[in-house]
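Analysis of the macromolecular model
Okay, here's what each chain looks like letter by letter:
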Amino acid sequence: MAAARGRPRAFDRDAALERAMHVFWERGYEATTMAELTEAMGIRPPSLYAAFGSKEGLFREAVELYERTDGTVSRDALAGAPTAREGVRDALRGNVIRYTAPDRPRGCMIVHAATNCAPENEGVRALLAEDRRATERMFRERVDRGIAEGDVPPGTGSGTLGAFYATVLFGLSMQAKDGVPRSELLAVVDAAVAAWDTLTAPGS
């Protein structure tokens, strides 16, 4: 008598989503093919569409997963530090360490996954652009908190300061993607933080 065939293994949606996130993170939205996604996720195309609706639907869920996991560094650092300057420093340094981790794609998924998109993928580009603006707002709001708590001089332009450090952060991601060593990126962080007193000086 033939042995009974085992029950098929249940589809682990969370694990498949994480694998898809890594593919998008490494290759970018448009360069990633459905064949690459289904291979990485260990499923067939009908299962992908049934679970996520479309490639864009899968990507949007991958972005949400990134924001809940690898993308929490800035938020946690800015919220937890006793001063705005320390929060900015910790956010930049923490992201450099994450951007250069050997078990992750280099850089930030939000920066790299859709810098250029065809018109039909404008929704994807807009999604990530808004996420980057949200990062800038986090820096600005932490500076505003520092002004209110007295560790940032009154009159400091929080909008300019927030934009400056967000731009540094995005540049660090680009450099990490290009293979710049962690030590060099941390030196850039030190230089950016050293500029704090000049940037918050009256009249700056």
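In short, a report on the structure.

About the thresholds
In every chain, residue numbers begin from 1 and rise along the written sequence. The model is predicted, so local features are restricted to residues of pLDDT at least 70 and side-chain atom pairs to those at 80 or more, both for listing and for counting; the totals for chains, interfaces and linings are taken over all residues. The side-chain numbers reported here are obtained from all heavy atoms of the structure, hydrogens and water having been left aside. Here is the rule: rings of Phe, Tyr and Trp (six-membered ring for Trp) pair when centre to centre is within 6.5 Å. Planes less than 30 degrees apart are stacked, more than 60 are edge-to-face, and the remainder are tilted. Helix and strand definitions here come from DSSP, where helices need a minimum of 4 consecutive H or I residues and strands a minimum of 2 consecutive E residues; each element is numbered from the N-terminal end. For each residue, the accessible area found with a 1.4 Å probe, counting protein chains only, is set against the maximum for its type, and the residue is called buried under 20%, exposed over 50%, and partly exposed in between. Sitting over a ring, as applied to charges here, requires NZ of Lys or CZ of Arg to be within 6 Å of the ring centre and within 35 degrees of the ring normal. Only buried Ala, Val, Leu, Ile, Met, Phe, Trp, Tyr and Cys residues count toward a nonpolar core, and they belong to the same one when joined by side-chain atoms within 4.5 Å. Whether two residues are in contact is decided by their heavy atoms: any pair within 4.5 Å suffices. For every element, the axis is a line fit to its C-alpha atoms; helices are fit only across the contacting stretch, and the angle between N-to-C directions ranges from 0 to 180 degrees. Here the angle decides the label: under 35 degrees means roughly parallel, over 145 means roughly antiparallel, 65 to 115 means roughly perpendicular, and every other value means oblique. Here the expected span of a helix is defined as 1.5 Å times the quantity of residues minus one. Directions are taken from the helix axis to each C-beta atom, and the arc is the one they span.

1. Considering the packing of aromatic side chains
Tallied over the entire structure, the rule returns 6 aromatic pairs. Residues F24 and F59 carry aromatic rings whose centres are separated by 5.0 Å and whose planes lie at 85° to one another, so their mutual orientation is edge-to-face. With F24 in helix 1 (residues 13-27) and F59 in helix 4 (residues 55-68), the pair connects residues that are 35 residues apart, well separated along the chain. When its relative accessible area of 0% is taken as the criterion, F59 is described as buried. A ring pair is formed by Y165 and W196, whose centres lie 5.8 Å apart and whose planes are at 35°; its orientation type is tilted. Of this pair, Y165 sits in helix 9 (residues 158-177) while W196 sits in helix 11 (residues 196-199), and the two are 31 residues apart along the sequence. Taken as a pair, Y165 and W196 share a single burial class, namely buried. The ring of Y29 carries the charged tip of K55 above its face, separated from the ring centre by 4.5 Å.

2. Looking at the nonpolar core
Counting residues in hydrophobic clusters, the biggest one holds 53 residues, and the most contacted among them are M41, L58, F59, L92, M109 and F139. Excluding its chain neighbours within four sequence positions, the residues that come into contact with L58 are L17, A20, F24, L37, M41, L48 and F52.

3. Some details on the packing of helix 2 (residues 34-41) against helix 3 (residues 45-52)
How two helices pack is summed up by the angle between their axes together with the distance between the axes. Helix 3 packs onto helix 2 with a crossing angle of 85° between their chain directions and a minimal axis gap of 10 Å. Comparing the axis directions of helix 2 and helix 3 gives the class roughly perpendicular. In contact with M34, L37, T38 and M41 of helix 2, helix 3 contributes P45, L48, Y49 and F52.

4. Details of helix 10 (residues 182-194)
The end-to-end C-alpha distance of helix 10 is 18 Å, a good match for the 18 Å that 13 residues give at a rise of 1.5 Å each. Those residues of helix 10 that fall on the buried side of the exposure criterion are L185, L186, V189, A192 and V193. Taken down its axis, helix 10 places every buried residue within 115° of arc, on the same side. Facing away from the buried side of helix 10 by more than 90 degrees, the exposed set consists of S183, A191 and A194. At its buried positions, helix 10 is contacted by helix 6 (84-99), helix 9 and helix 11.

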